[in-house]
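What follows is each chain in one-letter form.
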Amino acid sequence: MARFKKMLIANRGEIALRIIRACKELGIDTVAVYSEADRDCLHVRFADEEVCIGRGPASDSYLNIQRILSAAEITNADAIHPGYCFLAENAEFADICSQSQFVFIGPTADNIRMMGDKATARNLMIENGIPVVPGSNGTFEEEKDALAAASEIGYPVILKATAGGGGKGMRVVRDEKELKGAFSIARAEAGSAFGNHALYLEKYLEKPRHVEIQVIGDQFDKVLHLGERDCSIQRRHQKLVEESPCPVMTVQLRRKMGECAVKAASSIGYVGVGTVEFLLDKDFNFYFMEMNTRIQVEHPVTEMVTGVDLVKEQISVAGGNQISFKKSDISLKGHAIECRINAEDPKRDFIPCPGEITTFHPPGGPGVRVDTHIYQSYKIPPYYDSLLAKLIVHGRNRNEAIARLRRSLEEFIVLGVPTTIDFHREIVNDARFISGDFDIQFLEKF
Ligand code: ADP
């Protein structure tokens, strides 16, 4: 693939390293950008070139569009990969990249806009006959409109920011009184977190599973899906464990959900990798929640069961190539599970714990993959999210994957800061987890 000569990676940590690895295999030179707090981060060491773009806080560096573009210009990069978070779903950034002659490794700015506003995306799905969670018709500015919508839908409902993401800014409200208390606070929170106050609401489904479909589209109007991931093990609406296949999936249900996900992406002419998220209830009804227009944290589980390198494929379709495989080439082989290892203290309400890693021993052996940017003596800066490493295991079936996960977590040693490793050891020994019988409320009863 001769399209790109040099890729600037507008991100940090494990995902920046993941992208560097893909570029190396594709013969593309890499430029790392880094903040003053990230001088010793591994992505800086493994890139071919590196440019410091500012101080530690993300607004001074990884979110500073001008500095990132200057770095791309002085290094003569021809493409920019945003990774996830930071600028990955910023339509303005995607636009500015293309206006500045840098290929943005992601969908078009219009694709991002259409799916980025969640209330608009819901309406678009309804128009395309895709089931959505029952909810309000668009956003509302006033409490009285929210109250009217909620009484029509029936409590409990979940208030969501239309510009929301990362599990933030959502509130479950069980009656009118709770909604009155929550509305203006949620509106203010949405405004300060996402720069957009607008809220919408959905029926709060009790005990569904979070099941999402990985899709990819190319510039020739072809969209394919690569099966599902079950991301039901969540804390405060944020994923902690992800697996593929979903333990309760059937061939027919996968076909139905896959077709809906492909239709959702096709309806906006989607180009790139993306994820269509659904809630799946006990009766196997599924409902569209949102589409993420980027590579996801949990993409490795799909890579392990399909054998497709999603980041290389993402770069390839952004370069104007056709998807390199056919629908019939994709089958899910075996079972993969990912645990997010965070520098957080489960004993203190998962408070983030920056500090120095004094000992680092990652697990290895058959079927084990660790994506991480940390090493012994690495100092975790206080400015960014607390993800330290992703442990991904693969086995011929779910039982083998669980056994590998259990022994990998035993081998995994990170000292110096509290981590979620012990917490994952408990999850992997939980009877409900082992039997696959869990839903998004799993950790509430843990
Ligand atoms: P974000 O974009 O912030 O990640 P999502 O809309 O994807 O927000 O929702 C995140 C999580 O919140 C879901 O995985 C699910 O656990 C929970 N959730 C969202 N909507 C509902 C709903 N209508 N009913 C029950 N749980 C929900």
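Rules of the game
- Residue positions within a chain follow its written sequence, with the count starting from 1.
- Totals for whole chains, interfaces and linings use every residue, but because this is a predicted model, local features are given only for residues with pLDDT of at least 70 and side-chain atom pairs only at 80 or more, for both listing and counting.
- The basis for the side-chain values is all heavy atoms of the structure; hydrogens and waters are excluded.
- Planes of paired rings set the category: under 30 degrees apart is stacked, over 60 is edge-to-face and the rest tilted, where pairs are Phe, Tyr or Trp rings (Trp by its six-membered ring) whose centres lie within 6.5 Å.
- Note on exposure labels: buried denotes an accessible area under 20% of the residue type's maximum, exposed denotes more than 50%, and partly exposed covers the range between, all computed with a 1.4 Å probe on protein chains only.
- Helical segments are the DSSP runs of H or I of at least four residues, strand segments are the runs of E of at least two, and each set is numbered from the N terminus.
- By definition here, charges over rings are those cases where NZ of Lys or CZ of Arg is within 6 Å of the ring centre and within 35 degrees of the ring normal.
- Whether a set of points on the 1 Å grid over the protein atoms alone is a cavity depends on a 1.4 Å probe fitting there but being unable to get out, while an open set qualifies as a pocket with protein on both sides within 12 Å along at least five of seven lines; lining residues are those with an atom within 4 Å of a point.
- Grid points are joined across faces, edges and corners, and a volume is the space filled by probe spheres set on the points.
- Any residue outside Ala, Val, Leu, Ile, Met, Phe, Trp, Tyr, Cys, Pro, Asp, Glu, Lys and Arg is labelled polar, Gly included; the first ten of those are nonpolar and the last four are charged.
- Throughout, a contact is declared for two residues whenever any of their heavy atoms are within 4.5 Å.
- For this description, a residue counts as near a given molecule or strand if any of its non-hydrogen atoms is within 4 Å of it.
- Distance and chemistry together define a polar contact, namely a pair of N or O atoms within 3.5 Å, with one atom able to donate a hydrogen and the other to accept it when in protein, and with adjacent residues in sequence counting only for side-chain atoms on both sides.
- We get accessible surface area from the Shrake-Rupley algorithm with a probe of 1.4 Å; when it comes to residues, only the shown protein chains can shield them.
- For the domains described, the bounds stem from an automatic or database domain assignment.
- Any helix carries an expected span of 1.5 Å times its number of residues minus one.
- Any two strands with at least two DSSP-identified bridges between them are counted as paired.
- We define buried area as the total accessible area lost by two parts upon association, computed with a 1.4 Å probe and summed across both.
- Within this document, salt bridges are pairs made up of a side-chain nitrogen of Lys or Arg and a carboxyl oxygen of Asp or Glu, the two lying within 4 Å of each other.

(A) Layout of the packing of aromatic side chains. If you walk through the whole model with that rule in mind, you get 14 aromatic pairs. Each ring, one from Phe-278 and one from Phe-286, has its centre 5.4 Å from the other, and the planes form 85 degrees; the classification is edge-to-face. Taking relative accessible area as the criterion, Phe-278 reaches 0% and is therefore assigned buried. Residue Phe-286 is classed as buried on the basis of its relative accessible area of 8%. Between the aromatic rings of Phe-350 and Phe-423, the centroid separation amounts to 5.0 Å while the plane-to-plane angle is 80 degrees, which identifies the pairing as edge-to-face. Taken as a pair, Phe-350 in the loop between β15 (344-345) and β16 (351-352) and Phe-423 in helix α13 (residues 421-428) lie far apart in primary sequence, 73 residues in all. Both residues of the pair, Phe-350 and Phe-423, count as buried. An aromatic cluster of three or more residues is present, and its members are Phe-350, Phe-423, Phe-433, Phe-438, Phe-442 and Phe-446. Sitting over the face of the ring of Phe-438, Arg-209 holds its NZ or CZ atom 4.5 Å from the ring centroid. The lysine or arginine in question, Arg-398, covers the ring of Phe-433, its NZ or CZ lying 5.0 Å from the ring centre.

(B) Seen up close, the layout of surface pockets. Within this model, the second largest pocket holds a volume of roughly 410 Å³. Along the wall of the second largest pocket there are 16 residues; nearest its centre are His-225, Arg-254, Arg-255, Lys-327 and Ile-330. When residues of the lining of the second largest pocket are traced back to their parent elements, those giving at least two are β10 (223-235) and α9 (251-266). The dominant element in the lining of the second largest pocket, judged by the number of residues it contributes, is α9, at six residues. Taken together, the residues that form the lining of the second largest pocket break down as seven nonpolar, five polar and four charged.

(C) Region of the structure containing the environment of Pro-363. If you trace the backbone, Pro-363 turns up in the loop between β18 (359-361) and β19 (368-372). With relative accessibility at 8%, the residue Pro-363 sits in the buried group. For the pair Pro-363 and Leu-409, spaced 46 residues apart in sequence, the C-alpha to C-alpha distance is 7.4 Å. For Pro-363, the residues in contact, after removing those within four places along its chain, are Val-368, Val-370, Leu-391, Ser-408, Glu-411 and Phe-412.

(D) Region of interest: the site of the ligand. Every one of the 21 residues lining the ligand counts as a neighbour, but Lys-160, Gly-167, His-210, Gln-234 and Glu-290 are closest to it. Residue Gly-166 places a main-chain N or O atom 3.2 Å away from an oxygen atom belonging to the ligand. Side-chain polar atom of Glu-290 to an oxygen atom of the ligand: 2.5 Å apart, as the coordinates give it. Protein contacts shield 96% of the accessible area of the ligand, which totals 550 Å² for the unbound molecule. Of all elements in the fold, only β6 (157-161), β8 (199-203), β12 (272-280) and β13 (286-292) reach the threshold of two or more residues within the shell around the ligand. By residue class, the composition of the shell around the ligand is eight nonpolar, six polar and seven charged. The two domains that each donate at least three residues to the shell around the ligand are domain 2 (134-203) and domain 3 (209-445).

(E) Region of interest: α9. An ideal rise of 1.5 Å per residue puts 22 Å on 16 residues; α9 measures up with 22 Å between its terminal C-alpha atoms. Taken as a whole, α9 has its buried residues at Leu-253, Arg-254, Met-257, Gly-258, Cys-260, Ala-261, Val-262, Ala-264 and Ala-265.

(F) Summary view of the pairing of β6. Taken across its five residues, β6 has five buried, putting it largely inside the fold. With three bridges joining them, β6 and strand β7 (residues 171-173) adopt antiparallel strand pairing. Within β7, the residue paired with Val-157 across the bridge is Val-173.

(G) Up close: the domain arrangement of the protein chain. Domain assignment breaks the protein chain into domain 1 (6-105), domain 2 (134-203) and domain 3 (209-445). Measuring from the centre of the C-alpha atoms in domain 1 to the corresponding centre in domain 3 gives 23 Å. In this complex, domain 1 contributes 36 residues to the contact, which on the side of domain 3 involves 28 residues. The largest per-residue losses of area from domain 1 upon contact with domain 3 belong to Glu-14, Arg-18 and Tyr-84, which jointly make up 27% of the total buried on that side. Taken together, domain 1 and domain 3 are joined by five salt bridges. Run the count over domain 1 and domain 3 and you get 14 residue pairs in polar contact (both at pLDDT 80 or more). At the level of secondary structure, the elements contributing two or more residues to the side of domain 1 that touches domain 3 comprise α1 (13-26), α2 (42-46) and β5 (103-104). Tallying contributions element by element places α1 first for the side of domain 1 that touches domain 3, with 11 residues. The class makeup of the residues in the side of domain 1 that touches domain 3 is 21 nonpolar, six polar and nine charged.

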